[in-house]
Amino acid sequence: MSVPTPGPRPGDPRHAADRPVSALRADVEAAVAGLDDLADRPVSEHPAAFERVHAALGRALGAGPERD
């Protein structure tokens, strides 16, 4: 008895640069980059910086694989 081999996994046929996730990835990267100088900023600014990252991640995860 042979085990069936799975076919190719379905995915987004668009070029990677054309996928909407690339724009969201840029938003997440920009928000995370805002944490680079966190040690040099007052502690009172830290929550806002983390909230920006959290919001960017939430938008990216909430958008799902298909969006306009």
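The structure reproduced in this document is the subject of the present report. (Residues numbered from 1 in each chain as written. Predicted model: local features only at pLDDT ≥ 70, side-chain atom pairs only at ≥ 80, totals over all residues. Heavy atoms only, no water.)

1. Description of the overall build of the protein
Then step 1. Check the secondary structure of the protein and you find two helices and zero strands.
Then step 2. Burial analysis of the protein (68 residues in total) assigns 16% to the buried set.
Then step 3. Of the accessible surface of the protein, which amounts to about 5,600 Å², a share of 61% is contributed by carbon and sulfur atoms. (Helix = DSSP H or I, 4+ residues; strand = E, 2+ residues; numbered from the N terminus. Buried < 20%, exposed > 50% of the residue type's maximum accessible area, 1.4 Å probe, protein only. Areas by Shrake-Rupley, 256 points an atom, 1.4 Å probe, with all protein chains shown as cover.)

2. Concerning the pattern of salt bridges
Then step 1. As enumerated under the stated definition, the model contains two salt bridges in all.
Then step 2. As a salt-bridge pair, Asp37 and Arg41 come within 2.8 Å of each other at their nearest N and O atoms.
Then step 3. On the basis of relative accessibility, which here comes to 35%, the residue Asp37 falls in the partly exposed class.
Then step 4. The salt bridge involving Glu45 is made with Arg41; its shortest N-O contact spans 3.4 Å.
Then step 5. Owing to a relative accessible area of 37%, Glu45 belongs among the partly exposed residues under this scheme.
Then step 6. Within this structure, Asp37, Arg41 and Glu45 form a network of salt bridges that share partners. (Salt bridge = Lys/Arg side-chain N within 4 Å of Asp/Glu carboxyl O.)

3. As for the side chain of Arg41
Then step 1. Mapped onto the secondary structure, Arg41 falls in the loop between helix 1 (20-33) and helix 2 (46-63).
Then step 2. Engagement of the side chain of Arg41 in a polar contact is seen with the side chain of Asp37, the distance being 2.8 Å.
Then step 3. Apart from residues lying up to four places away in sequence, Arg41 is in contact with Gly34, His46, Ala49 and Arg52. (Polar contact = N/O pair within 3.5 Å; in protein donor to acceptor, adjacent residues only side chain to side chain. Contact = heavy atoms within 4.5 Å.)

4. Looking at the environment of Gly58
Then step 1. As for its position among the elements, Gly58 is in helix 2.
Then step 2. Gly58 sits 30 residues away from Val28 along the chain, and the two C-alpha atoms are 9.5 Å apart.

5. Focus on the side chain of His46
Then step 1. Examined against the element boundaries, His46 turns out to sit in helix 2.
Then step 2. In this view, His46 contacts Leu38 and Arg41; residues no more than four positions away in its chain are not counted.

6. Describing the environment of Arg59
Then step 1. Among the secondary structure elements, Arg59 is positioned in helix 2.
Then step 2. Between the C-alpha atoms of Arg59 and Leu24, which are 35 residues apart in sequence, the distance is 7.6 Å.

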